[in-house]
Amino acid sequence: MVAVKELTELKTKILTQAAAAANRGEVDVLARLTGGASECERLLREVQDLEDRYAHLASVVDPPRPRNGDRAPDLPNQTRFSHKQVGAQLRSDWVDNLARSGIRLAGHRKRYETPSSRSVAVASANELDGKPNKWFLGLPAAKTDVAVLLCASKSGKVYDIVLPVADLGRRWDILSRSGGQIKFNVRKDVGDFFLLIPGNDPHRVTDYVGNHEPLRS
């Protein structure tokens, strides 16, 4: 399997040759190499997306075990929460916080409606283990007007990305789908959030973080 390291090295080599071709004025060669660099960048995004999805799946099937000293031992009868329970609590807290700000959604679990009957689907996920500032979320592949992605960081902060499906346009149709779910791969770069879509440039969704206007109508 082609690795990120190999693709990165190949891209660097192509860009070096492209710079030399530009200096020589070889337009045809430059165009060919530029296309190769773009293809490398596309493959890099796809490989990184696959690695993130694998890391998420591995953390669900075989959660990392804490080393000695990482945390205090469990107390007798201490409650242990599953991934589903944690996700349910994130969604419940988010809906309750919206209600306190005057936005009331009707529904339960991952499906809700606004007062004007706009459908809202809510997904939640913790930051990927070993991959800081990355989240992998899923929603049932059913028609909805608004998709909400609750991304919980290791620090405990929850970022809510409120995405009207109409704003995504054709991007909604080409999001990864498997097992009856639509998959969302979110990455945070410094202060910006991006939705990673296989075969496409990252889609900046920073402006949708904490934007609750689509839920008021």
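Rules used in this analysis
Residues numbered from 1 in each chain as written. Predicted model: local features only at pLDDT ≥ 70, side-chain atom pairs only at ≥ 80, totals over all residues. Heavy atoms only, no water. Helix = DSSP H or I, 4+ residues; strand = E, 2+ residues; numbered from the N terminus. Buried < 20%, exposed > 50% of the residue type's maximum accessible area, 1.4 Å probe, protein only. Contact = heavy atoms within 4.5 Å. Areas by Shrake-Rupley, 256 points an atom, 1.4 Å probe, with all protein chains shown as cover. Salt bridge = Lys/Arg side-chain N within 4 Å of Asp/Glu carboxyl O. Phe/Tyr/Trp six-rings, centres within 6.5 Å; stacked < 30°, edge-to-face > 60°. Pairing = 2+ DSSP bridges. Axes fitted to C-alpha atoms, helices over the stretch in contact; angles between N-to-C directions. Polar contact = N/O pair within 3.5 Å; in protein donor to acceptor, adjacent residues only side chain to side chain. Core = buried A, V, L, I, M, F, W, Y, C linked by side-chain atoms within 4.5 Å.

*Asks:* When you look at the overall build of the protein chain in this model, what are you seeing that I'm missing?
*Replies:* Counting secondary structure elements, the protein chain contains five helices and ten strands. In the protein chain, which comprises 217 residues, the share counted as buried stands at 35%. Of all intrachain contacts in the protein chain linking residues separated by at least 6 positions in sequence, the fraction that spans at least 24 positions is 57%. As displayed, the protein chain offers around 13,100 Å² of accessible surface, 53% of which is attributable to carbon and sulfur atoms.

*Asks:* What is the right way to read the pattern of salt bridges from this model?
*Replies:* Should their charged atoms come close, side chains of opposite charge can pair. For the structure on display, the rule yields seven salt bridges. Between Arg 24 and Glu 26 there is a salt bridge, and its shortest N-O distance comes to 2.9 Å. We classify Arg 24 as exposed; its relative accessible area is 52%. When the shortest N-O distance is used, the salt bridge between Lys 143 and Asp 145 registers 3.9 Å. Connected via shared salt-bridge partners are Asp 192, Arg 204 and Asp 207.

*Asks:* Before we go on, may I ask you to explain the packing of aromatic side chains in this structure?
*Replies:* Two measures describe an aromatic ring pair: the distance that separates the ring centres and the angle between the ring planes. Considering all chains together, one arrives at four aromatic pairs under this definition. Measuring from centroid to centroid gives 6.0 Å for Trp 172 and Phe 184, while their planes differ by 50°, and the two rings are tilted. Note that Trp 172 is positioned in helix H5 (residues 170-173) and Phe 184 in strand E8 (residues 181-189), a separation of twelve residues in sequence. Assessed through its relative accessible area of 0%, Phe 184 is described here as buried. Through a chain of ring-to-ring contacts, three or more aromatic side chains come together here, namely Trp 135, Tyr 159 and Phe 193.

*Asks:* Mind showing me how you'd approach the sheet that holds strand E2 (residues 111-113) here?
*Replies:* Two pairing modes exist for strands in a sheet, parallel and antiparallel, and in both the strands are linked by backbone hydrogen bonds. Read from one edge to the other, the open sheet built from five strands follows the order E1-E2-E3-E5-E6, with strand pairing classed as mixed. With partners counted over all chains shown, the strands left at the sheet margins are strand E1 (106-108) and strand E6 (158-164), one partner each. Taken over all neighbouring pairs, the strand axes of this sheet differ in orientation by 20° on average, direction set aside. Across three bridges, E1 lies against E2 in antiparallel orientation.

*Asks:* In this structure, what is going on with unusual backbone geometry? I would like to understand it.
*Replies:* The phi torsion of most residues other than glycine is negative, and most of the peptide bonds are trans. Its identity as a non-glycine residue notwithstanding, Ser 117 has a phi of 70°, on the positive side. Summarising the element assignment, Ser 117 is placed in the loop between E2 and strand E3 (119-126). In this structure, Asn 133 takes a positive phi of about 65° despite not being glycine. Its place among the elements puts Asn 133 in the loop between E3 and strand E4 (134-140).

*Asks:* It is not clear to me how the environment of Lys 154 should be interpreted in this structure. Could you clarify?
*Replies:* Tracing the backbone through its elements, the reader meets Lys 154 in the loop between strand E5 (146-152) and E6. Distance from Lys 154 to Asn 133, taken between C-alpha atoms, is 8.9 Å for residues 21 residues apart in sequence. Dropping the residues within four chain positions of it, Lys 154 is found in contact with Glu 127, Leu 128 and Asp 129. Here Asp 129 takes part through its side chain, which lies 2.6 Å from a polar atom of the side chain of Lys 154.

*Asks:* Please explain the side chain of Ser 153 as it appears in this structure.
*Replies:* Among the structural elements, Ser 153 can be located in the loop between E5 and E6. The class of Ser 153 is buried, set by a relative accessible area of 15%. Apart from residues lying up to four places away in sequence, Ser 153 is in contact with Glu 127, Trp 135 and Tyr 159.

*Asks:* Before we go on, may I ask you to explain the nonpolar core in this structure?
*Replies:* Considering soluble globular proteins, one finds that nonpolar side chains tend to be buried as a cluster. If you look at the biggest cluster of nonpolar residues, it comprises 24 residues, and the most contacted ones within it are Leu 137, Leu 149, Ile 161, Phe 184 and Val 186. Looking at this core, the elements that each hand over two or more residues are E3, E4, E5, E6, helix H4 (165-168), E8 and strand E9 (192-196). Sequence-distant contacts of Phe 184, that is, excluding residues within four places in its chain, are made with Trp 135, Phe 136, Leu 137, Leu 139, Ala 147, Leu 149, Trp 172, Leu 175 and Leu 195. Counting residues in hydrophobic clusters, the runner-up holds 13 residues, among them Ile 103, Tyr 112, Val 148 and Val 162.

Function cannot be inferred from these measures alone, as they are strictly geometric.
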